[in-house]
Structures are given as structure tokens and as C-alpha cells.
Amino acid sequence: MSASHQNACDDAVELLQVHNATLDTVISISGMTCGSCVSAIQSAVSQLPGILSFDISLNEDRGSFIHSAAIVTAKSIAQSIEDCGFDVEILSSNAQLRGPDLDDQDDEAIETTALSPSASACNVRRRQSSGHPQCNAMDEPSAFCRLKVSGMTCASCVGNIERSLSSRTGIHSVVVGLMNERADIKYDGSIYSENDIVAIVTDLGYPSTLVSQDELKEQVDLLVEGMTCASCVGIIERALRDKDGVISASIGLVTKRCRVEFQRDKIGVRDLINIIKVRGP
């Protein structure tokens, strides 16, 4: 990074610290396929402190978020969306200054991106507060469980479960499927046990049971283009098998099909696709 670029970043951060800034952040979101995906993101983002308004566009694969720079960072918003199972990229985060307010701002975490067209990939963070929950979220021990949930009849039931769980300290992400009667929950294992999560959802009026580790095993068939020989097949298969959570991987060169058996609590389909993109032809 050039000295002039760094100075521009530093000046922008100091400007945000001097003013109690509102940021307009635009985030690219890959992997949304339907209204339920949008609802899952909306539920997660709405639980973040400092979010003033937001709009998620399924057609444009992006979201726009108006938020307080002193309370929640663009990266925290992106992380909450990523925890729902989507790929994200911060496209811009521009200040909307509201006037000076210097009370206790020095210890807050401030982040800005896209300071100029040439600085669009620059992330600047200053004086992170170790006590801020958003700064410490990634340090918490993460656990995963899947529940079989009975009694859901509509989207309101889904929203009730997602909001109730997401509002609790130590719950990192909640994705509830109405049609398959399933809830995938990431949480702080030092605060909750699997039985605690089951009890919380059951107490909401939706009888739930824990899905066993064997039931968490899933199988997916992926179409892989561009393979020309056995060497291509071997490279991809080894890359997949080396990943924690992948049970087996086999590829048919002629059919272009890659069949992967994996543990859903350790790795997801998007992770498998990314591995193939990186190591594949």
C-alpha cells in the first residue's frame, strides 16, 4: 500500500471518529435463491445493534445497510450474513455525517471501505474495543446443531423461532426451513448445550428433537466442467478428501459428476464448490 493511500485511509478513519457518522454500506451477497434466503438475512441483520435501515435485493444479489459507525461495523454486518450461509463482499461503505459528537467515541471500533475507486479493497480498523460484543464474536467457541422442528405452519412461525433465538447472547446464526421442518443453529458452546437449544425451541411452542450425527451426513452431486484427464480428477478428489467434514469424494470424468458425502455441521455445499473452483481446472 502506498504512503498516500495509507494517509487517505487514516484521514478517513479520523474523520469518522470526529463525527458521529452514519454509514451507507453496500454488500454483495451470493447464493440467494428465493424469498426465504432474503428473510433469513433480514432476520439476522435486524438483530444487530446500530442498524438503522436496510434493503436486500434478490435480483441484484446485494444489500444496502444504513448503520451507526460507532456501534456496528461493515465487517460485522457482512459476517452476520456469511453466518447464514451466503458468500459476501463489501463493495462500499460511505459516511453520511450527522455532526460532531465526541462523547466516548475514541474506544469504538471504526471501519470504512471504498475510500476512493483505487482504494476499494482497503479495510481500515482503529482502536477496537475489546469489550464490544461484535469484536469478540469470532473468539467465542462455535458449535452447531440441527433440530427437527414440529408445529410450524407458516412463515410467521419461522420468523418467531429465528427472532427468539437470534436475540439471545451466544447465538451466532439461525436458519429455519419450513418445508423440511429443520433448524440449523450455530451457537457458543460455552454457554449452551445441544439440549439447551432443543429446550428453547420447544418452549416457544414447537416440539423439537436433536438430529443425530449420522443424520447430519449429506450427499450432493456437483457438475464439474473443464476436466480433461485422470490427473484433473485426482487433484480435485484429494483436495476435497483433505477437508475436515468430507467423508468421501468421487468424480466421473466422462459424466463430469462429482459426488461428495459430507457432515453438514462441519462443511457446507458452498465450501465444497469453492474448493473445486480453487483446485479444479
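In what follows, the structure referred to is the one given above.
Reading guide: rules and limits
Residues numbered from 1 in each chain as written. Predicted model: local features only at pLDDT ≥ 70, side-chain atom pairs only at ≥ 80, totals over all residues. Heavy atoms only, no water. Helix = DSSP H or I, 4+ residues; strand = E, 2+ residues; numbered from the N terminus. Buried < 20%, exposed > 50% of the residue type's maximum accessible area, 1.4 Å probe, protein only. Polar contact = N/O pair within 3.5 Å; in protein donor to acceptor, adjacent residues only side chain to side chain. Contact = heavy atoms within 4.5 Å. Core = buried A, V, L, I, M, F, W, Y, C linked by side-chain atoms within 4.5 Å. Arc of directions from axis to C-beta. Pairing = 2+ DSSP bridges. Axes fitted to C-alpha atoms, helices over the stretch in contact; angles between N-to-C directions.

Draft legend 1. Here's a closer look at the side chain of Ser 173. As for its placement among the helices and strands, Ser 173 is situated in strand 8 (residues 171-177). A relative accessible area of 6% places Ser 173 in the buried class. Engagement of the side chain of Ser 173 in a polar contact is seen with the backbone oxygen of Asp 83, the distance being 3.1 Å. The residues contacting Ser 173, other than those within four sequence positions of it, are Asp 83, Cys 84, Asp 184, Ile 185 and Lys 186.

Draft legend 2. Region of interest: the nonpolar core. Ranked by internal contacts, the top residues of the largest apolar core, which has 21 residues, are Leu 147 and Ile 185. Contributions of two or more residues to this core are made by strand 7 (142-149), helix 5 (155-166), strand 8, strand 9 (182-188) and helix 6 (194-203). With sequence-adjacent residues up to four places away left out, Leu 147 is seen in contact with Glu 181, Arg 182, Ala 183, Ile 185, Ile 197, Val 198, Val 201, Ser 208, Thr 209, Leu 210 and Val 211. With 20 residues, the next largest nonpolar core counts Cys 37, Val 45, Phe 65 and Ile 81 among its residues.

Draft legend 3. Focus on helix 6. Within helix 6, burial applies to Ile 197, Val 198, Ile 200 and Val 201. End-on, the buried residues of helix 6 take up no more than an arc of 160 degrees, which puts them together on one face. Among the exposed residues of helix 6, those pointing more than 90 degrees away from its buried face are Asn 195 and Asp 203. Against the buried residues of helix 6 lie strand 7, helix 5, strand 8, strand 9 and strand 10 (208-210). Within two residues after helix 6, Gly 205 carries a phi angle of roughly 105 degrees, on the positive side.

Draft legend 4. Expanded view of the sheet that holds strand 13 (residues 257-263). Pairing in this open sheet of three strands is antiparallel, and the strands run 11-13-12 from one edge to the other. Strands at the two margins of the open sheet, each flanked by one partner only, are strand 11 (217-223) and strand 12 (246-252). Between one strand axis and the next, the sheet turns through 15 degrees on average, direction left out of account. Here strand 11 runs beside strand 13; their pairing, made up of seven bridges, is antiparallel. Looking across to strand 13, one finds that Gln 219 is bridged to Glu 261. Sitting on the sheet, helix 7 (residues 230-241) touches strand 12 and strand 13, and the angle it makes with strand 12 is about 165 degrees. With respect to the sheet, helix 8 (residues 269-279) is in contact with strand 11, strand 12 and strand 13, its orientation differing from that of strand 11 by roughly 40 degrees.

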